Amino acid sequence: EEAIYAAVERGLFGGMGNRQFAPNASTNRAMLAKMIANLQQQLDGDMIITGNATLNDVAESAWYSDVARWAVELGVMDAENGTFAPDEMITREEMVTTLWKFAGFLGENTSVKGNLSRYKDADLVSVEAQDAMSWAIASGIVGGVSVDELAPQGTATRAQMVQVMIRFMDLLQK
């Protein structure tokens with residue numbers, strides 16, 4: 001609850017309407033792009049978030065149009081063959097990989113490594129996400145869903161995303 005209030009106060013996150021936050025709802029790719037853009041604007045208040053990436057499944061009028069194009073153009077999110085898939089739910093490893101790429105863009109050290117082997121499901125971390133997940137563990141921005149389970153392929157809830165974003169912001173401020 002504290003992280004939700006902090007994220008809303010910092011301008012990283014908004015509600016779902018009707019004064020609802022929906023902490024257990026899943027986070028989709030459009031929401032993730034918006035959160036990254038909100039964070040960028042917190043870091044550089046003068047920056048206007050816009051991008052030129054061609055995304056064949058993102059309407060110009062969509063609330064996430066500019067942030068999706070920006071995130072893809074920046075290289076922190078992918079759009080295979082021009083498909084962004086804005087409504088696709090993100091996995092915990094996709095959330096972490098996006099933040100890892102964004103940290104690299106910001107010039108942060110992304111080479112630190114944590115011990116994934118302490119999690120019984122570490123073998124479920126995709127090859128593409130191993131460095132990112134290892135960095136996230138070492139940096140303290142993500143932990144397991146339990147003492148010995150990482151759930152890298154699990155869907156990231158809004159509450160999890162908020163907690164990770166607050167930790168990420170704290171990491172950037174060190």
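Our subject is the structure that appears above.
Definitions and limits used
Residues numbered from 1 in each chain as written. Predicted model: local features only at pLDDT ≥ 70, side-chain atom pairs only at ≥ 80, totals over all residues. Heavy atoms only, no water. Helix = DSSP H or I, 4+ residues; strand = E, 2+ residues; numbered from the N terminus. Buried < 20%, exposed > 50% of the residue type's maximum accessible area, 1.4 Å probe, protein only. Contact = heavy atoms within 4.5 Å. Areas by Shrake-Rupley, 256 points an atom, 1.4 Å probe, with all protein chains shown as cover. Phe/Tyr/Trp six-rings, centres within 6.5 Å; stacked < 30°, edge-to-face > 60°.

A. Examining the overall build of the protein more closely. Each helix and strand in the protein was counted, giving six helices and zero strands. Taken from the N to the C terminus, the helices and strands of the protein come in the order α-α-α-α-α-α. Per-residue burial over the protein gives 47% buried out of 174 residues. Taking the intrachain contacts of the protein between residues at least 6 apart in sequence as the baseline, contacts between residues at least 24 apart amount to 71%. A total of about 8,900 Å² of accessible surface is found on the protein, and carbon and sulfur atoms cover 46% of it.

B. Structural context of the packing of aromatic side chains. What the rule picks out here adds up to five aromatic pairs. Between Trp135 and Phe168 the ring centres are 6.3 Å apart and the planes differ by 75°, which places this aromatic pair in the edge-to-face class. You can see Trp135 sitting in helix H5 (residues 130-139) and its partner Phe168 sitting in helix H6 (residues 158-172), a full 33 residues away along the chain. What makes Phe168 buried here is its relative accessible area of 0%.

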